[in-house]
Amino acid sequence: MTDLFSKFDPLIQQRETLLATGVTDPYNLVMEKVISPTVAICNGRETILLGTYNYMGMTFDEDVIAAGKDALDKFGSGTTGSRVLNGTYQGHKECEEALKEFYAMDHAMVFSTGYQANLGIISTIAGKGDYVILDIDSHASIYDGCAMGNAEIVAFRHNDVEALEKRLKRLPPEAGKLVVLEGVYSMLGDVAPLKEMIRVSKENGAMVLVDEAHSMGFIGENGRGVAEAQGVIDDVDFIIGTFSKSVGTVGGFCVSNHPKFEILRLVCRPYVFTASLPPSVVATAATSIRKLMQGSNKRAHLWENSKVLHKGLRDLGFTLGTDEPQSAIIAVIMPDLEQGAMMWEALLEEGLYVNLARPPATPANMTLLRCSLCAEHTIEQVSEILGRFERAGKRIGIIG
Ligand code: PMP
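Each residue is numbered by its place in its chain's sequence as written, counting from 1. Whole-chain, interface and lining totals are the exception, using all residues; otherwise, since this is a predicted model, local features are given only for residues with pLDDT of at least 70 and side-chain atom pairs are given and counted only at 80 or more. With hydrogens and water excluded, all non-hydrogen atoms of the structure serve as input to the side-chain values.

**Brief notes about the overall build of the protein chain**
Here is step 1 of the chain: To qualify as a helix, a DSSP run of H or I must reach at least 4 residues; to qualify as a strand, a run of E must reach at least 2; elements of each kind are numbered from the N terminus. Within the protein chain, the regular secondary structure consists of 14 helices and 16 strands.
Here is step 2 of the chain: Relative to the 2.2 N^0.38 estimate, which gives 21 Å for 400 residues, the radius of gyration of the protein chain is 21 Å and therefore close to what a compact globule would have.
Here is step 3 of the chain: In terms of overall dimensions, the protein chain has a C-alpha envelope of 60 × 55 × 55 Å along the principal axes.
Here is step 4 of the chain: Taking all 400 residues of the protein chain together, the buried fraction comes to 55%.
Here is step 5 of the chain: The contact rule is simple, with two residues in contact once any of their heavy atoms fall within 4.5 Å. A separation of at least 24 residues holds for 69% of the contacts in the protein chain among residues at least 6 apart in sequence.
Here is step 6 of the chain: Methods summary: accessible areas were calculated by the Shrake-Rupley approach with a probe of 1.4 Å, and residue burial reflects only the protein chains presented. Surface accessibility of the protein chain: about 17,500 Å² in total, with carbon and sulfur atoms responsible for 53%.
Here is step 7 of the chain: Here the positive residues are Lys and Arg and the negative ones are Asp and Glu; neither His nor the chain ends is included. Every charge is mapped to an atom, namely NZ of Lys, CZ of Arg, CG of Asp or CD of Glu. One way to put it: in the protein chain the 37 positive side-chain charges average out to a point 2 Å from where the 50 negative ones average out. The atom set for the radius of gyration is the C-alpha atoms, and the globule formula is 2.2 Å times the number of residues raised to the power 0.38. Three exposure classes are used, based on accessible area relative to the maximum for each residue type with a 1.4 Å probe and protein chains only: buried under 20%, partly exposed in between, and exposed over 50%.

**Examining the UniProt feature "domain: Aminotransferase class I/classII large" (unreviewed entry) in the protein chain**
Here is step 1 of the chain: In this structure's numbering, the residues bearing the UniProt feature "domain: Aminotransferase class I/classII large" (unreviewed entry) are residues 47-388.
Here is step 2 of the chain: Annotated as residues 47-388, this span is 41% helix and 18% strand, and its ends, taken at the C-alpha atoms, are 11 Å apart. UniProt positions are given in the numbering used here, feature names are shortened, and annotations may be inferred rather than shown by experiment.

**So, the site of the ligand**
Here is step 1 of the chain: Around the ligand, 15 residues are found, and the nearest of them are Gly114, Asp211, His214, Thr242 and Lys245.
Here is step 2 of the chain: Polar contacts, as used here, are pairs of N or O atoms within 3.5 Å; protein pairs need one atom able to donate a hydrogen and one able to accept it. Residues neighboring in sequence count only if both atoms are side-chain atoms. Tyr115 has a polar backbone atom sitting 2.9 Å from an oxygen atom of the ligand.
Here is step 3 of the chain: Interatomic distance of 2.6 Å between a side-chain N/O atom of Asp211 and a nitrogen atom of the ligand.
Here is step 4 of the chain: Across the complex, the protein chains shield 86% of the 390 Å² of accessible surface that the ligand would expose by itself.
Here is step 5 of the chain: When residues are grouped by polarity, Ala, Val, Leu, Ile, Met, Phe, Trp, Tyr, Cys and Pro land in nonpolar, Asp, Glu, Lys and Arg in charged, and all others, Gly among them, in polar. Class assignment for the residues of the shell around the ligand results in 3 nonpolar, 9 polar and 3 charged. Whether a residue is near a molecule or strand depends on its heavy atoms: it is near if one of them lies within 4 Å of it.

**What about the packing of aromatic side chains?**
Here is step 1 of the chain: Any Phe, Tyr or Trp ring, taking Trp's six-membered ring, that has another such ring centre within 6.5 Å forms a pair; planes under 30 degrees apart are called stacked, those over 60 apart edge-to-face, and the others tilted. All told, the structure shown has 11 aromatic pairs when counted by the stated rule.
Here is step 2 of the chain: Between Phe75 and Tyr89, the ring centres sit 6.0 Å apart and the planes meet at 40°, which makes this aromatic pair tilted. In this pair, Phe75 is assigned in helix H2 (residues 62-75) and Tyr89 in the loop between H2 and helix H3 (90-103), connecting sequence segments 14 residues apart.
Here is step 3 of the chain: Ring plane angle 85° and centroid distance 6.4 Å describe the contact between Trp344 and Tyr353, whose orientation is recorded as edge-to-face. With respect to burial, Trp344 and Tyr353 carry one shared label: buried.
Here is step 4 of the chain: Feature note: the residues Phe102, Tyr103, Phe243 and Phe253 constitute an aromatic cluster, connected by ring pairs.
Here is step 5 of the chain: Its guanidinium or amino end placed over the ring of Phe8, Lys7 lies 5.6 Å from that ring's centre, counting from NZ or CZ. In this scheme, Lys NZ or Arg CZ marks a charge over a ring once it lies within 6 Å of the ring centre and within 35 degrees of the ring normal.

**As for helix H13 (residues 337-350)**
Here is step 1 of the chain: Given a rise of 1.5 Å per residue, 14 residues ought to cover 20 Å, and the 20 Å separating the end C-alpha atoms of H13 matches this to within 8%.
Here is step 2 of the chain: Here H13 lies mainly inside the structure; 10 of its 14 residues are buried.
Here is step 3 of the chain: Considered for burial, the residues of H13 that qualify are Leu337, Gly340, Ala341, Met343, Trp344, Glu345, Ala346, Leu347, Leu348 and Glu350.
Here is step 4 of the chain: The backbone nitrogen of Glu338 has a side-chain oxygen 3.2 Å away, supplied by the residue at the start of H13, namely Asp336.
Here is step 5 of the chain: Count one or two residues on from H13 and you reach Gly351, which has phi positive near 90°. How far a helix is expected to stretch is found by multiplying one less than its residue total by 1.5 Å.

**Brief notes about the sheet that holds strand S13 (residues 329-334)**
Here is step 1 of the chain: Strand pairing requires that DSSP identify at least two bridges connecting the strands. Spatial ordering of the open sheet is given by S13-S16-S15, a layout of 3 strands whose pairing is antiparallel. Bordering the open sheet on either side are S13 and strand S15 (355-357), each of which pairs with just one other strand. Taking each pair of neighbouring strands and ignoring which way they run, the sheet shows an average axis angle of 30°.
Here is step 2 of the chain: Pairing between S13 and strand S16 (residues 367-372): 6 bridges, direction antiparallel. Within the sheet, the bridge partner assigned to Ile329 lies in S16 and is Ser372.
Here is step 3 of the chain: Between the N-to-C directions of two axes lies an angle of 0 to 180 degrees, each axis being a line fitted to C-alpha atoms and, for a helix, fitted only over the stretch in contact. Sheet contacts for helix H12 (residues 296-316): S13 and S16; angle to S13, the most-contacted strand, approximately 15°.
Here is step 4 of the chain: Contacting S13, S15 and S16, H13 crosses the sheet at an angle of about 30° to S16.

**Concerning the confidence of the model for the protein chain**
Here is step 1 of the chain: With 100% of its residues at a pLDDT of 70 or more, the protein chain has an overall mean of 97.
Here is step 2 of the chain: With pTM at 0.97, the complex prediction returns an ipTM value of 0.99. Confidence scores here are pLDDT values: one per residue, from the predictor, ranging 0 to 100.

**Here we look at the nonpolar core**
Here is step 1 of the chain: Residues belong to one nonpolar core when they are buried, are Ala, Val, Leu, Ile, Met, Phe, Trp, Tyr or Cys, and are joined through side-chain atoms within 4.5 Å. In this structure, Leu99, Tyr103, Phe243, Leu309, Leu369 and Phe389 are the most contacted members of the largest nonpolar core, which totals 92 residues.
Here is step 2 of the chain: A domain-level breakdown of this core finds at least three residues from each of domain 1 (37-56 + 296-396) and domain 2 (61-292).
Here is step 3 of the chain: Formed by 22 residues, the second largest nonpolar core is a distinct cluster that contains Val132, Ile142, Ile240 and Tyr271. The split of the chain into domains comes from an automatic or database domain assignment.

What follows is the structure in structure tokens.
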């Protein structure tokens, strides 16, 4: 018998070598208690959270929590069924209404996760003989959506408008084409030149899907994302998003103005063949989305936090993923995985949690300490964070 697990041996070996250095396992941390969107207890210690996707700090919003409790009382703990059978409750419809209003679009379809939204939409709309043209640094859920479908896949260099145009021009003019982009790329926190990319896509007869997972609620005048900020949201055919970041719960969605959009509810397998979200989840999502429509003060504060942290880390001598802050994600580039893990642990000992990101999730084999800010971080917390980075960085020898 061939052990089917032997393919994982190199990874097991790498993990064992890392843990043998005595470093805490960075992928096995437990949040023992969560006090607020920005503070939790980890390893018995009060820890500032700088590695969540809780950009707008909605997880402890009073109205959001009250809506969830109320739905739990009135509709029970789960739907036990697919959206197309017994799993569409009033709350799912209200959640889709909130999304349509938030984006000012005609259609909204809620999935059980953002991962499934990408999986479902990409694999369903791009079929045999069609082409998906995607940025090489796309999220795993975009790649998996491509793998699940039957379209030809064409990747282009990250954020490179010319490369996109060249690829498009090489494709048969009559073929169906879907260009898949992200507003904010989650590893380095950089923003896509959507305006130019969408222009080039449209000139070459492609439809455009933009995953705005990391920009919803924060970027753009109404928090609709990078396409809104760059003035091109009307040219986007499909926006994909998630409830697991600024919305503060779990779930995914696609919004669109396409007149035939509703047919997807019958043909999109990751929508049909899975249970719908629990009533409490859609109730918290709908409440949160509606509150995010009035979030401009919080958006301004989050930008301020992002700028202060970016400048502070750069002044300390850390190497960052972008020259200027472009989103709420600031990536600190580590020399290698070992030093990255040591720095991650040193920060945790200081009472600061960040994400340790490593290949294959990261571009160019980089090890990153990914910091993501929250609108609920106070300016005092941000200066505390910088102090902790300085002490840990000097102790590990990442900065002088
Ligand atoms: N798209 C992007 C760009 C993401 O970063 C993520 C999650 N990190 C997803 C989609 C999937 O979202 P969810 O957590 O809702 O599955």
